[in-house]
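Commentary on secondary and tertiary structure
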Amino acid sequence: MLYLELLFQGIVQGSIYALIALGLTLVYGLLRILHVAHAALFTLGGYIGVIVTNQTGSLALAILAAMIVVGLVGVAMYKLAYEPLLSKPPFIALIASIALFIAAEELFRIIFGPYGLSYENPPLQGGFEIISGFFLKYGEALVIILSLLILSVLGWISGYTRLGVSWRATVTDPDMARAFGVNTQNVRYLNFFIGSALAAVAGVLVALLNNLVEPTMGSVPSYKALAIIVLGGLGSIRGTLLASMILGVIESFGTIYIGHLLDRDALAFGFLIVVLMFRPQGLLGTR
Amino acid sequence: MAYEITLLTTMAISVLFALSLNFITGFCGQISLGHAAFMGVGAYAAATMMKASISLLFVIPVAAVFAGVLGLLVGFASLRVRHDFLAITTMGVVFLFVGVVRQQEFLGGEIGISGIQQSVLGRTGFMLLCVVLAGVFAGFSLLVKRSWLGFVFDSIADNEDVSQVLGIDVAKYKLFAFVVGTATAGIAGALYAQHYRFVGPDSFGFVESISVLAMVVVGGIGSVWGVMFAAAVLSVLPLLIQFVDDYKILVYSALLFSMMRFSPDGLAGIVQRLRNRVRNR
């Protein structure tokens, strides 16, 4: 029974990692930028989620609002911070991104206070029994269902629509895509919008599970999501999903069985280093 | 005077630490997001020995050896993975380091090691030692930069594959850069332990690794003078901008961002452009 519970904990955590890391891998696949400030958008999503839910009482509306606002902020971030740095060596954008992330965390602390916000009437409390003696919280079920839904829709868009084709073309060869009439600029905007919106959903969901948003809630995802996209093979979407799930499950089992030797983060990065030494291109990456 | 001595010691240790990263990232072009781990190894090695009343002057080289050995291991990793993959691997090293140290009773666990004795040198003598060590390594860096070794590093930083084709043993030089850089970071760590007379797992984490990388990049990556200046200023900047207190970190990160956005080649780049403008007049 413990195994099943740990497995589910891992899947829930893995789904959240997947939502965050997917946006990051979209950005990396297209622009080769390690977008640390992505985690700040995740936190912003959490704040908007809690504030809108407290004002209107509707979680669905909160998720929608968070997606739209954070998506637009993500596009603005690309326009103002990253676009001018694209021609520079990659670590310039990386450090700029880290600086943005630290600044954002400070802004959250100054604007919303250091102790964070909570839901006044936390939605989706309680849970249900899957099999006798094993409960799943409604919030956790929502995480799994929503992630599956969003990822399927994204998979469908990228595989079967005109938009998806032009997106994949731009990732593979931007110049060729432009020659065939794809507006690569719009693809980049859309890329940032979707990636940031996904991070916002993850933010709202994490805020729901913990019933708390705080200025520092992005610090763990900021580096762990980087580890995940590297583990999966930079820019590979399927690799990112696989790595998110593996890491979620490994962390949930690892903290119980070898938690006295290594803490959660060290476990994740230890696994990352071991994998990279054997497969330098990541799990599903290509050289 | 006591305050000035503390300030100068802090600066000298930061300069040494930043120059040690500059050797790896600036000269040899190998990015590291986990350089604080090596300072941590040196600091913990030094702290444990100094608690056993071993003299500072003996402790420093031992700390360098410990950090250098770990650096050699990470150097081997740098032969396997490159660029962004290397950046994340080195980031992993710092989280592993902190995670392992946290769980070790004999290293003080979460609490760290405190109550390290003052060395026989006294505060002024210790300050002089730090300044001299930083100065020596700066001189060494300048020397390397001008020598044939500097050209080899330049070529590796520029393009590893082409260097290999030109007959440069890339692996050997990368390992050399890693060992020298990390051993020096270990020395900086030993000095840190003596200066603050305390080491804890939170003193050598990811944030510290980023701060030292920021010093290198703000100074101008690869520029010895630029990095020295940036490290000296940035290490005491939080003290200098005390007046903005609550907004301290915000100001710091805004400065860092503007630097990247408007002058990605750092202070050295700004100076270079000004110089060119004066010369062309």
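Below, the structure is looked at part by part. (Residues numbered from 1 in each chain as written. Chains lettered and ligands numbered in written order. Predicted model: local features only at pLDDT ≥ 70, side-chain atom pairs only at ≥ 80, totals over all residues. Heavy atoms only, no water.)

1. Some details on the overall build of chain A
Put simply, the test is: Helical segments are the DSSP runs of H or I of at least four residues, strand segments are the runs of E of at least two, and each set is numbered from the N terminus. A radius of gyration in this sense is built from C-alpha atoms; the matching globule rule multiplies 2.2 Å by the number of residues raised to 0.38.
Secondary structure assignment for chain A yields 11 helices and 2 strands. Secondary structure of chain A in N-to-C order comes out as α-α-α-α-β-β-α-α-α-α-α-α-α. Whereas a compact globule of 287 residues would reach a radius of gyration of roughly 19 Å, chain A reaches 19 Å, a difference of no more than 12%. If one aligns the C-alpha atoms of chain A with their principal axes, the spans along those axes are about 60 × 50 × 35 Å.

2. Observations concerning the interface of chain A and chain B
As a reminder, the rule being used: The criterion used for residue contact is that any of the two residues' heavy atoms lie within 4.5 Å. By buried area we mean how much accessible surface two parts lose on assembly, using a 1.4 Å probe and totalling the loss over both. In the sections that follow, a salt bridge refers to a side-chain nitrogen of Lys or Arg positioned within 4 Å of a carboxyl oxygen of Asp or Glu. N or O atoms within 3.5 Å of each other form a polar contact, as long as, within protein, one can give a hydrogen and the other can take it, and as long as residues adjacent in sequence are counted only when both atoms are side-chain atoms.
Tallying the contact residues gives 44 residues for chain A and 33 residues for chain B. Considering only the side of chain A, the residues that lose the most area to chain B are A:Phe91, A:Ile95 and A:Met277, jointly responsible for 15% of the buried surface there. If you look at where chain A meets chain B, you find 0 salt bridges. One can count 1 residue pair in polar contact (both at pLDDT 80 or more) joining chain A with chain B. Every element with two or more residues in the side of chain A that touches chain B is listed here: helix 3 (59-82), helix 4 (90-112), helix 9 (219-232) and helix 11 (264-278) of chain A.

3. Observations concerning helix 10 (residues 224-240) of chain B
Residue and element names in this part refer to chain B. What counts here: To estimate how far a helix should extend, the number of its residues minus one is multiplied by 1.5 Å. The angle between axes fitted to the seven-residue stretch ending at a residue and the seven-residue stretch beginning at it gives the bend at that residue. The buried label applies to any residue whose accessible area, calculated with a 1.4 Å probe on protein chains only, is under 20% of its type's maximum; exposed applies above 50%, and partly exposed to all values in between.
Under the 1.5 Å per step criterion, the end-to-end length of helix 10 is 23 Å for 17 residues, consistent within 8% with the ideal 24 Å. A bend of about 25° at Leu 234 is the largest found in helix 10, and the proline Pro 238 appears one to four places after it. Listed in full, the buried residues belonging to helix 10 are Val 224, Gly 226, Val 227, Ala 230, Ala 231, Ala 232, Leu 234, Ser 235, Val 236 and Leu 237.

4. Quick word on the pattern of salt bridges
Residues and elements named next belong to chain B. This structure, assessed with the given rule, holds 7 salt bridges over all chains. The partner of Asp 265 in a salt bridge is Arg 273, with the nearest N and O atoms 3.2 Å apart. Classification of Asp 265 as partly exposed rests on a relative accessible area of 38%.

5. Let's talk about the environment of B:Ala77
Looking at the element boundaries, B:Ala77 is found in helix 3 (residues 56-80). Sequence spacing of B:Ala77 and B:Thr89 is 12 residues, and the spatial spacing of their C-alpha atoms is 8.1 Å.

6. Points about the nonpolar core
As a rule of thumb, nonpolar side chains are buried together in soluble globular proteins. Applied cut-off: Put simply, buried Ala, Val, Leu, Ile, Met, Phe, Trp, Tyr and Cys residues joined by side-chain atoms within 4.5 Å make one nonpolar core.
Among the nonpolar cores identified, the biggest contains 185 residues, and B:Met91, B:Phe153, B:Leu191, B:Val199 and B:Phe204 are the most heavily contacted of them. If we skip the residues at most four places from it in the chain, B:Phe204 touches B:Ala36, B:Ala37, B:Met39, B:Gly40, B:Ala43, B:Tyr44, B:Val94, B:Phe97, B:Val98, B:Tyr192 and B:Val199.

7. Some thoughts on a nonpolar patch on the surface
Residues and elements named next belong to chain A. Note the cut-off: Residues qualify for a patch when their relative accessible area is over 30% and they have no salt bridge, like charges being joined within 9 Å and the nonpolar side chains of Val, Leu, Ile, Met, Phe, Trp and Tyr within 5 Å. A 1.4 Å probe and the Shrake-Rupley method give the accessible areas. Residues count as covered only by the protein chains that appear here.
Residues Leu 4, Leu 7, Leu 124, Phe 128, Ile 130, Ile 131 and Tyr 138 make up a contiguous nonpolar surface patch of about 540 Å² in total accessible area. With respect to the element layout, Phe 128 can be found in strand 1 (residues 127-131). For Phe 128, a relative accessible area of 32% corresponds to the partly exposed category.

8. Focus: the side chain of A:Thr240
Along the chain, A:Thr240 turns up in helix 10 (residues 237-257). Among residues more than four places away in sequence, those in contact with A:Thr240 are A:Ala21, A:Leu22, A:Thr25, A:Ile228, A:Ile229 and A:Gly232.

9. A closer look at the packing of helix 5 (residues 138-160) of chain A against helix 8 (residues 184-210) of chain A
The description of two packed helices rests on the angle between their axes and on the distance between the axes. All names here are of chain A. In plain terms, the rule: Whenever a helix is involved, its axis is fitted only over the stretch in contact; in every case the axis is a line through C-alpha atoms, and angles between N-to-C directions fall within 0 to 180 degrees. Throughout this description, any angle smaller than 35 degrees is read as roughly parallel, any larger than 145 degrees as roughly antiparallel, any in the 65 to 115 degree range as roughly perpendicular, and the remainder as oblique. Residue polarity is assigned by list, with Asp, Glu, Lys and Arg as charged and Ala, Val, Leu, Ile, Met, Phe, Trp, Tyr, Cys and Pro as nonpolar; anything else, Gly included, falls into the polar class.
Viewed as axis vectors pointing N to C, helix 5 and helix 8 meet at an angle of 170°, and their least axial separation amounts to 10 Å. The angle between the axes of helix 5 and helix 8 places the two elements in the roughly antiparallel class. Across the interface between the two elements, Gly 139, Glu 140, Leu 142, Val 143, Leu 146, Ile 150 and Leu 154 of helix 5 pack against Ile 194, Leu 198, Val 201, Leu 205, Leu 208 and Leu 209 of helix 8. Here the contact of helix 5 with helix 8 is composed, by residue class, of 11 nonpolar, 1 polar and 1 charged.

10. Some points on the packing of aromatic side chains
How we decide: Put simply, two rings from Phe, Tyr or Trp (the six-membered ring, in Trp's case) pair if the centres are within 6.5 Å, and we call them stacked under 30 degrees between planes, edge-to-face over 60, tilted for the rest.
Inspection of the entire model under this criterion finds 23 aromatic pairs over all chains. Note on A:Tyr223 and B:Phe206: the rings are 6.0 Å apart at their centroids and 70° apart in plane angle, and the pair reads as edge-to-face. Taken as a pair, A:Tyr223 in helix 9 and B:Phe206 in helix 9 (residues 206-219) lie in two separate chains rather than in one. Note on accessibility: A:Tyr223 and B:Phe206 belong to one class, buried. For the pair B:Phe23 and B:Phe176, a centre-to-centre distance of 6.4 Å together with 65° between the ring planes defines the contact as edge-to-face. Remark: B:Phe176 occurs in helix 8 (residues 170-196) and B:Phe23 occurs in helix 1 (residues 2-27); sequence separation between them is 153 residues. A relative accessible area of 35% means that B:Phe176 is categorised as partly exposed. Aromatic ring contacts, followed pair by pair, group B:Phe23, B:Phe27, B:Phe137, B:Phe140, B:Phe153 and B:Phe176 into a single cluster.

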